[in-house]
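Working through the structure, step by step
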Amino acid sequence: MNDDVRNIVLGVIATACSGGFGWFTRTYVWRRALRRKQAFFGLPTGADCLFVVNRQMGGKDSSLHRNDAFALLEISALVKDCGATVQVVTHDTARQGFGERAEFCVGGPASNARTTAHLASMLPGVRTDVGLESGDPDRGAIRVGGETYRWEKGMVEYVLLARLTTGRGSRPVFLLSGQTANSNQAAARYLAKHHERLARKYGSESFCVMLKVINSDAYGPDVTELVADVTAAARTPVAAAA
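Now for a description of the structure that goes with this document. It should be emphasised that the depicted structure is a prediction, and the values quoted were computed from it without experimental measurement. (Residues numbered from 1 in each chain as written. Predicted model: local features only at pLDDT ≥ 70, side-chain atom pairs only at ≥ 80, totals over all residues. Heavy atoms only, no water.)

1. Section: the environment of phenylalanine 207
Test applied: Comment: elements are numbered from the N terminus, with helices defined as DSSP H or I runs of at least four residues and strands as E runs of at least two. Three labels apply to residues, based on accessible area from a 1.4 Å probe with only protein chains included: buried if under 20% of the type maximum, exposed if over 50%, partly exposed otherwise in between. In this description, contact between two residues means that some pair of their heavy atoms is separated by no more than 4.5 Å.
Note that phenylalanine 207 resides in strand β9 (residues 207-214). Given a relative accessible area of 1%, phenylalanine 207 falls into the buried group. Sequence separation of phenylalanine 207 and leucine 161 is 46 residues, and the distance between their C-alpha atoms is 8.3 Å. Residue contacts for phenylalanine 207: discarding those within four places in its chain leaves Phe40, Leu161, Ala162, Arg163, Leu164, Leu198, Tyr202 and Thr231.

Laid out in structure tokens, this is it:
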């Protein structure tokens, strides 16, 4: 074998080794990211999860607001990436416990009875003013940790985003409790976009954060910012905090 042939053979071998190493590295990184996503959402490959939808405010019991449907699509993409399946149920038919499978519960207590149950049992420090008359500035306000987060129609909307677990090994409940359907979708989009950062910060622990949707009349659910981590206050009963 002359020098030219040897150099060609060595070049081919080096290229193959380099390509194989690169493929292995990319596959390893992708699989590790997938495992982390599956662990955070409680969605191993082949798992089944629950999506609890609310009813449209002012609509029929079976009606769903367009933005809440968009929130379902945002979350369905996450579920598909994890290799899991989703079962959609209405809030008034989801009569089952939690922890056996992952759950995404969308809508505030005014439109979702299961949200009311989750808040009472796992986030007793949160209060939402749902029984006030239309036009009252505190209507729909979320109160937690001594702060009041008021809804300003078309300008400012707040939504509570929480990951809740009942113990080691239990599947999480993701609660998206917004003042409007637009804010529910904003929380779903925020979760899809920032789940890696949330996983790095909280791991498998429960958390509860307040998000603010800015100028929804102009920007819809696209401009959302993190206001505060209210985990400790939300998990402390109001009477105990007082």
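That shown, we press on.
2. Examining helix α4 (residues 181-202)
Our working rule: Given the number of residues in a helix, its expected span is that number minus one, multiplied by 1.5 Å. The term bend refers to the angle at a residue between two fitted axes, each drawn through seven residues, those ending there and those starting there.
Compared with an ideal rise of 1.5 Å per residue, which puts 22 residues at 32 Å, α4 spans 26 Å between its outermost C-alpha atoms and falls more than 12% short. The principal kink in α4, of about 70°, is found at histidine 194. Of the residues one or two after α4, glycine 203 is the one with positive phi, at around 60°.

3. Some words on the state of the cysteines
The cut-off we apply is this: When two cysteine sulfur atoms lie within 2.5 Å, the pair is treated as a disulfide.
By the definition in use, this model includes zero disulfides. Cysteine 82 supplies the cysteine sulfur nearest to cysteine 49, a cysteine that is in no disulfide, at a spacing of 8.8 Å. With relative accessibility at 0%, the residue cysteine 49 sits in the buried group.

4. Quick word on a positive patch on the surface
So the rule is basically this: A patch is a set of surface residues, each over 30% in relative accessible area and not in a salt bridge, joined within 9 Å for like charges and within 5 Å for the nonpolar side chains Val, Leu, Ile, Met, Phe, Trp and Tyr. To measure how exposed things are, a 1.4 Å probe is used in the Shrake-Rupley method; for residues, cover is taken only from the protein chains shown. For this document, the term salt bridge refers to a Lys or Arg side-chain nitrogen within 4 Å of an Asp or Glu carboxyl oxygen. The convention is simple: Lys and Arg are positive, Asp and Glu are negative, and His and the chain ends are not counted. Charge placement uses NZ in Lys and CZ in Arg. For Asp and Glu, CG and CD serve respectively.
Together, Arg31, Arg32, Arg35, Arg36, Arg197, Arg200 and Lys201 make up a positively charged patch on the protein surface. In terms of residues, the positive patch owes the most to one element, helix α1 (residues 3-41), which gives four residues. Within the secondary structure, arginine 31 is located in helix α1. For arginine 31, a relative accessible area of 48% corresponds to the partly exposed category.

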